[in-house]
Amino acid sequence: ARLEGRGDEARAAFEAALAEDASQVVAVQALVELTRGQEPERFVAMVERLAALAGPEAARAHAPAVADAYVALGRVNDAYRLLGELEETPERLRRRAALARQLGLAGEAFALEEKVATSREELERVLEGYLELQLVPFAVRLGSRLLDEGPLSGALMRLLAERLSATEQGAALAVRVWPTLLSQRVDDADGWTLLAEALVRLGKGELAGQADGFGAALTDSEGAAPFVEPHEVPKPVVNSAEPPPADAVDVSMETMPRLAHALEELLVGFALAPRKVVLDPAGGVEAWVASDGTLVLGAGTLGAFGQGELAALLALAAALGPAGPSLKGVGDVAALDAAAVRAFSAFPSSLAFARVLAQLDGRVRGGDPLAVQVSAVLPECTAFRALALAVLESIRT
């Protein structure tokens, strides 16, 4: 008590006592208090000595101050380790997070910040950090939690989908997110391609092929459209009220054997039985069913379409029914959007359908089909949007 307020004298007295008897616990305890926050090196030494004399528990109460001393001495790693041994409190977790960043342990810093986050905004920042660092298990866990609670911001949702699509652990979450993103921008070629990659990892090859086909169409792929097995076109298939063109040319094994053979296989697959098939010399890239049940192909189809596109066109002609002859004119055909969705169920080749719908779009139909740039037409093509949304809905379910 006589030494209170006389720090230098008190310290000298206690150090003298220790010099005479190194086991003086009271003197060590006093020196711990006298050096706290002032002489980090001496303080650490005294706490270590206290632990040796009185046991680890005696020194534990001073651990937070020791951590501060470690930082002052440049021993950041020791401070980080020591705080990790203490009971977790929000303050200690924040301090550890700051130290982790000093040590370059960004992943551990984000994990600690997640524990003390009190707002969705803070959690979204942590999720962004996990994604940037490719900490997939952490990102999947936190991303799933946040999505269960509500939608993510657009940029963060995009980042999550992009970073997780190519991962085994994150593919399912990416597939959960992509339909929302792509429904807002169906012309996102990269998005469709990444969605396809995620679907492959989930073993959903057919859906992956459909997504990939849209991506290919939106990048003007020149590859052949995949040919899938044709299925019966949804009924009813209704003839139009218009007769076939008077100058139409029969398509038969005698006149056009290759085309006739290819069409016969497709018509069987679609469960269609037209009275006959004819070619309209003045026609474009359309196909439609005449009043007498004749299937009419525009002459432009021969140079514009391969086998896959021709199959998509036939399914579309059947689905359009009485509205089919409208394709001979210019401008939009209101029935085309719904017909595209129906027809796709009979021939789900997305690349083929995208190319056909681009050619049939009211803004370009009637012009030179070889001059049509598919990627330029599809973003504003309502029929393509309707089909893309239908495919996304099937992926959601």
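Note that the structure is predicted; figures quoted are calculated from it, not measured.

Participant: I would appreciate a short explanation of the packing of aromatic side chains in the present structure.
Facilitator: Two measures describe an aromatic ring pair: the distance that separates the ring centres and the angle between the ring planes. According to the stated counting rule, one finds 7 aromatic pairs in the structure shown. A ring pair is formed by F270 and F347, whose centres lie 6.2 Å apart and whose planes are at 85 degrees; its orientation type is edge-to-face. Of the two residues, F270 sits in the loop between α15 (257-269) and β2 (277-280) while F347 sits in the loop between α18 (336-344) and α19 (350-360), which places them 77 residues apart along the sequence. Taken together, the aromatic side chains of F110, Y130 and F138 make up a single cluster linked through ring pairs. In this structure, R96 packs its charged tip against the face of Y80, placed 4.1 Å from the ring centre. One cation-aromatic arrangement involves R101 over F110; the distance from NZ or CZ to the ring centre is 4.5 Å.

Participant: In this structure, what is going on with the sheet that holds strand β3 (residues 287-289)? I would like to understand it.
Facilitator: The strands making up a sheet are joined through hydrogen bonds of the backbone, oriented either antiparallel or parallel. Strand order in the open sheet made by the 4 strands is β1-β2-β4-β3, with mixed pairing throughout. The sheet is open, and its two borders are formed by β1 (249-250) and β3, each paired with just one other strand. Here 2 bridges tie β1 to β2, and the two strands are oriented antiparallel to one another. The residue bridging V249 from the neighbouring strand is L279, located in β2.

Participant: Explanation requested: the nonpolar core in the structure shown.
Facilitator: Across soluble globular proteins, nonpolar side chains have a tendency to be buried as a group. Of all hydrophobic cores here, the largest spans 101 residues; its most connected members are L127, W192, L195, F270 and L316. Residue contributions to this core peak at 11 residues, all from helix α17 (residues 307-320). Not counting residues up to four positions away in its chain, the partners in contact with W192 are L182, V186, A211, D212, F214, G215, L218, A388 and L392. Membership of the second largest hydrophobic core comes to 30 residues, among which are L83, L86, L93 and L99.

Participant: When you look at the confidence of the model for the protein in this model, what are you seeing that I'm missing?
Facilitator: Parts of the model with low pLDDT should not have their predicted coordinates read in detail. For the protein, the average pLDDT comes to 92, and 97% of its residues sit at 70 or higher. Here residues 1-5 is modelled with pLDDT under 50, and outside its nearest four sequence neighbours on either side it reaches 3 contacts, counting other chains as well.

Participant: Help me out: how do you make sense of the pattern of salt bridges in this one?
Facilitator: Side-chain pairs of opposite charge can arise where the charged atoms are in close proximity. Summed over all chains, the structure comprises 25 salt bridges. The closest approach of N and O atoms between R95 and D68, which form a salt bridge, is 2.3 Å. On the criterion of sequence distance, the pair formed by R95 in helix α7 (residues 90-102) and D68 in helix α5 (residues 63-72) is long-range, its members being 27 residues apart. Accessibility expressed as a relative area gives 43% for D68, which makes it partly exposed. If you follow the salt bridges from partner to partner, you end up with R120, E124, R145 and E149 in one network.

Participant: Looking at this model, I keep getting lost on the packing of α17 against α19. Mind explaining?
Facilitator: Helix packing geometry: the angle between the two helix axes and the distance between the axes. Interhelical geometry of α17 versus α19 gives an angle of 65 degrees and a closest axis separation of 8 Å. Considering the angle they form, α17 stands roughly perpendicular to α19. With respect to the hand of their crossing, α17 and α19 are arranged in right-handed fashion. Contacts between α17 and α19 involve G308, E309, A312, L313, A315 and L316 from the former and A352, F353, R355, V356, L357 and L360 from the latter.

Participant: How do you make sense of the environment of A196 when you look at a structure like this?
Facilitator: Note on placement: A196 falls in helix α13 (residues 189-201). With relative accessibility at 5%, the residue A196 sits in the buried group. On a C-alpha basis, the gap between A196 and Q210 in space is 7.8 Å, while along the polypeptide they are 14 residues apart. Excluding its chain neighbours within four sequence positions, the residues that come into contact with A196 are A208, A211 and D212.

Scoring rules and cut-offs
Sequence order as written defines the numbering, with residues in each chain counted from 1. Residue-level local features of this predicted model are given only where pLDDT is at least 70; pairs of side-chain atoms are given and counted only at 80 or more, and the full residue set underlies all totals for whole chains, interfaces and linings. Side-chain metrics in this entry use all non-hydrogen atoms of the structure; hydrogen atoms and water are not considered. Side-chain rings of Phe, Tyr and Trp, where Trp is taken by its six-membered ring, are said to pair if the distance between their centres is within 6.5 Å; with planes under 30 degrees apart they count as stacked, over 60 as edge-to-face, and otherwise as tilted. Here a helix means four or more residues in a row that DSSP labels H or I, a strand means two or more in a row labelled E, and each is numbered from the N terminus. Throughout this description, the term charge over a ring refers to an Arg CZ or Lys NZ atom that lies within 6 Å of the ring centre and within 35 degrees of the ring normal. One bridge is not enough; two strands pair if DSSP finds at least two bridges between them. Nonpolar cores were defined as sets of buried Ala, Val, Leu, Ile, Met, Phe, Trp, Tyr and Cys residues, with membership established by side-chain atoms within 4.5 Å. Here's how the labels work: a residue is buried when its accessible area is under 20% of the maximum for its type, exposed when over 50%, partly exposed in between, all with a 1.4 Å probe on protein chains only. Throughout, a residue-residue contact means that at least one pair of heavy atoms, one from each residue, lies within 4.5 Å. pLDDT gives the predictor's per-residue confidence on a scale running from 0 to 100. Take a side-chain nitrogen of Lys or Arg and a carboxyl oxygen of Asp or Glu: if they are within 4 Å of each other, that pair is a salt bridge. Orientation is described by axes fitted as lines to C-alpha atoms, over the contacting stretch for helices, and by angles from 0 to 180 degrees between their N-to-C directions. Angle categories: roughly parallel below 35 degrees, roughly antiparallel above 145, roughly perpendicular from 65 to 115, and oblique for all the rest. A crossing counts as left-handed when the near helix is turned anticlockwise from the far one by less than a right angle, and as right-handed when that turn is clockwise.

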